[in-house]
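The chain contents come next:
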Amino acid sequence: MDNVVLVGRKPVMNYVVAVLTQLTNNDEVIIKARGRAINKAVDVAEMIRNRFIKDIKIKKIEIGTDKVKNPDGREVNVSTIEIVLAK
């Protein structure tokens, strides 16, 4: 999907710009993150709502858990979040 922004280790503003770019072409954008990046994904959504596009709505928020193998080879649970923003 081209309307998905995966949040990771970069600064928050990089993801804000990516979401704003996606919103020029699409009516909705999905912000996805897992683990420690969840708080950054929430910051991105809130920054867009409060500073850039006042009338954008949070259409849906989904939380979940992924099983991921760590470098030791063990499976660990990692929390995930999907925030759907819609015009």
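Preceding this section is the structure that the text describes.
Conventions used here
Residues numbered from 1 in each chain as written. Predicted model: local features only at pLDDT ≥ 70, side-chain atom pairs only at ≥ 80, totals over all residues. Heavy atoms only, no water. Helix = DSSP H or I, 4+ residues; strand = E, 2+ residues; numbered from the N terminus. Contact = heavy atoms within 4.5 Å. Expected span 1.5 Å × (residues − 1). Core = buried A, V, L, I, M, F, W, Y, C linked by side-chain atoms within 4.5 Å. Buried < 20%, exposed > 50% of the residue type's maximum accessible area, 1.4 Å probe, protein only. Polar contact = N/O pair within 3.5 Å; in protein donor to acceptor, adjacent residues only side chain to side chain. Pairing = 2+ DSSP bridges. Axes fitted to C-alpha atoms, helices over the stretch in contact; angles between N-to-C directions.

1. Observations concerning the overall build of the chain
Secondary structure summary: the chain contains two helices and four strands in total. Mapped in sequence order, the helices and strands of the chain form the string β-α-β-α-β-β. If you line up the chain on its principal axes, its C-alpha atoms span 45 × 25 × 20 Å. Taking contacts inside the chain between residues at least 6 apart in sequence as the whole, the part at least 24 apart equals 64%.

2. Regarding helix α1 (residues 12-25)
Under the 1.5 Å per step criterion, the end-to-end length of α1 is 21 Å for 14 residues, consistent within 8% with the ideal 20 Å. Turning to α1, the residues buried within the fold contact β1 (4-6), β2 (28-34), α2 (38-52) and β4 (75-86).

3. A short note on the nonpolar core
Formed by 20 residues in total, the largest nonpolar core has its most connected members in Val7, Val19, Ile31, Val44, Ile48 and Leu85. Mapped onto this core, the elements with two or more residues apiece are α1, β2, α2 and β4. Here the element with the most residues in this core is α2; it accounts for six residues. The residues touching valine 7, leaving out its near neighbours within four places in the chain, are Tyr15, Ile31, Lys32, Ala33, Ala37, Lys40 and Ala41.

4. Concerning the environment of glutamate 62
With respect to the element layout, glutamate 62 can be found in strand β3 (residues 57-69). Residue glutamate 62 is classed as partly exposed on the basis of its relative accessible area, which comes to 39%. In this structure, glutamate 62 is in contact with Thr80, Ile81 and Glu82, ignoring residues within four places of it in sequence. For glutamate 62, the side chain forms a polar contact with the side chain of lysine 60, separated by 3.2 Å.

5. Examining the sheet that holds β4
Spatial strand order, β1-β2-β4-β3: four strands in an open sheet with mixed pairing. Edge strands, defined here as strands with exactly one partner in the open sheet, are β1 and β3. The sheet shows a mean angle of 20 degrees between the axes of neighbouring strands, direction not considered. Across three bridges, β1 lies against β2 in parallel orientation. From the neighbouring strand, valine 5 faces β2, where its bridge partner is isoleucine 31.

Everything listed here is a matter of geometry and, on its own, says nothing about what the molecule does.
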